[in-house]
Amino acid sequence: MVDLPDDGLDLALGGDRTPDDIAALVRQVGYEVDERRVTDLALIAAELVGNARQHAEGPWRMRLLRVAERRVVRVEVEDRSPSLLPVLGRPDDPAAGSGLLLVNRLSVHWGFDRHEDRKVVWAEVPTG
């Protein structure tokens, strides 16, 4: 297990970070997450960052937060396209995308918070 400070991680996402870079960073700072769940968290973070870059305007931010009372780690990705909401793909239609299907399957909860000038897409993974 890996530990991070209680205040979490808040990272501006420039254009030079690849999905593999994001996944590697999440694996390094796994918030006391069980090793088997760190991989899920890394995949979710990479997918949410990739979706934001592909479909929404920047600047983008990624946050990792421990929600101790629910025993989860929450990954959040913020963008500046509040009107472009995430759409869950369909397994029978590869053109519809499967990234959020992966997020849906690997997380215990996911969703988005829409604000006037931005949105935050988030997912939660259990710590154990």
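Going by the structure above, here's the rest.
**Some details on helix α1 (residues 19-28)**
Buried residues of α1: Ile22, Ala23 and Val26, and no others. The buried residues of α1 occupy one face: seen down the axis, they fall within an arc of 95 degrees. Projecting away from the buried face of α1 at angles above 90 degrees are the exposed residues Asp20 and Gln28. In the core, the buried residues of α1 are packed alongside β1 (9-13), α2 (35-55) and β2 (60-67).

**Some details on the environment of asparagine 51**
With respect to the helices, strands and loops of the structure, asparagine 51 is situated in helix α2. Taking the C-alpha atoms as reference, asparagine 51 lies 8.8 Å from leucine 100; in sequence the two are 49 residues apart. Apart from the residues within four sequence positions on either side, asparagine 51 is in contact with Ala56 and Leu100.

**Some words on the packing of α2 against helix α3 (residues 99-106)**
Between α2 and α3, the shortest axis-to-axis distance is 10 Å and the interhelical angle comes to 150 degrees. In terms of their interaxial angle, α2 and α3 are classed as roughly antiparallel. Judged by the sense of rotation from one axis to the other, the crossing of α2 with α3 is left-handed. Contacts between α2 and α3 involve Arg37, Asp40, Leu43, Ile44, Glu47, Leu48 and Asn51 on the former and, on the latter, Gly99, Leu100, Leu102, Val103 and Leu106. Across the contact of α2 with α3, the residue classes tally to seven nonpolar, two polar and three charged.

**Quick word on the pattern of salt bridges**
Pairing between side chains of opposite charge can happen when the charged atoms of each approach one another. All chains considered together, the criterion is met by 12 salt bridges. Between aspartate 34 and arginine 36 there is a salt bridge; the shortest N-O distance is 3.3 Å. By relative accessible area, which is 56% here, arginine 36 ends up exposed. Linking glutamate 78 and arginine 63 is a salt bridge whose minimum nitrogen-to-oxygen distance equals 2.9 Å. Taken together, the positions of glutamate 78 in strand β3 (residues 72-79) and arginine 63 in strand β2 put the pair 15 residues apart, joining distant regions of the chain. The exposure class of glutamate 78 is buried, given its relative accessible area of 7%.

**Some thoughts on the pairing of β1**
Side-chain alternation along β1 places Leu9, Leu11 and Leu13 on a buried face and Asp10 and Ala12 on a face that remains uncovered. Pairing geometry for β1 and β2, over five bridges, is antiparallel. Bridge pairing links leucine 9 to leucine 64 in β2.

**Observations regarding the packing of α1 against α2**
It is at 8 Å that the axes of α1 and α2 come closest, and there the two elements cross at 145 degrees. Pair α1 / α2 crosses with right-handed handedness. Residues Pro19, Ile22, Ala23, Val26 and Arg27 of α1 lie in contact with α2, whose contacting residues are Val38, Leu41, Ala42, Ala45, Ala46 and Val49. Classifying every residue of the contact of α1 with α2 gives 10 nonpolar, no polar and one charged.

**Comments concerning α2**
End to end, α2 covers 31 Å across 21 residues, agreeing with the expected 30 Å (1.5 Å per residue, within 8%). Of the residues making up α2, those classed as buried are Arg37, Val38, Asp40, Leu41, Ala42, Ile44, Ala45, Ala46, Leu48, Val49, Asn51 and Ala52. As for α2, its buried residues are in contact with β1, α1, β2, β3, α3 and β5 (119-126). The N-cap of α2, judged by a side-chain oxygen 3.0 Å from the amide nitrogen of arginine 36 a few residues on, is aspartate 34.

Parameters at a glance
- Residues numbered from 1 in each chain as written.
- Predicted model: local features only at pLDDT ≥ 70, side-chain atom pairs only at ≥ 80, totals over all residues.
- Heavy atoms only, no water.
- Buried < 20%, exposed > 50% of the residue type's maximum accessible area, 1.4 Å probe, protein only.
- Helix = DSSP H or I, 4+ residues; strand = E, 2+ residues; numbered from the N terminus.
- Arc of directions from axis to C-beta.
- Contact = heavy atoms within 4.5 Å.
- Axes fitted to C-alpha atoms, helices over the stretch in contact; angles between N-to-C directions.
- Parallel < 35°, antiparallel > 145°, perpendicular 65-115°, else oblique.
- Left-handed = near helix turned anticlockwise from the far one by under 90°.
- Nonpolar A, V, L, I, M, F, W, Y, C, P; charged D, E, K, R; others polar.
- Salt bridge = Lys/Arg side-chain N within 4 Å of Asp/Glu carboxyl O.
- Pairing = 2+ DSSP bridges.
- Expected span 1.5 Å × (residues − 1).
- Polar contact = N/O pair within 3.5 Å; in protein donor to acceptor, adjacent residues only side chain to side chain.

The values are spatial; any link to function lies outside them.
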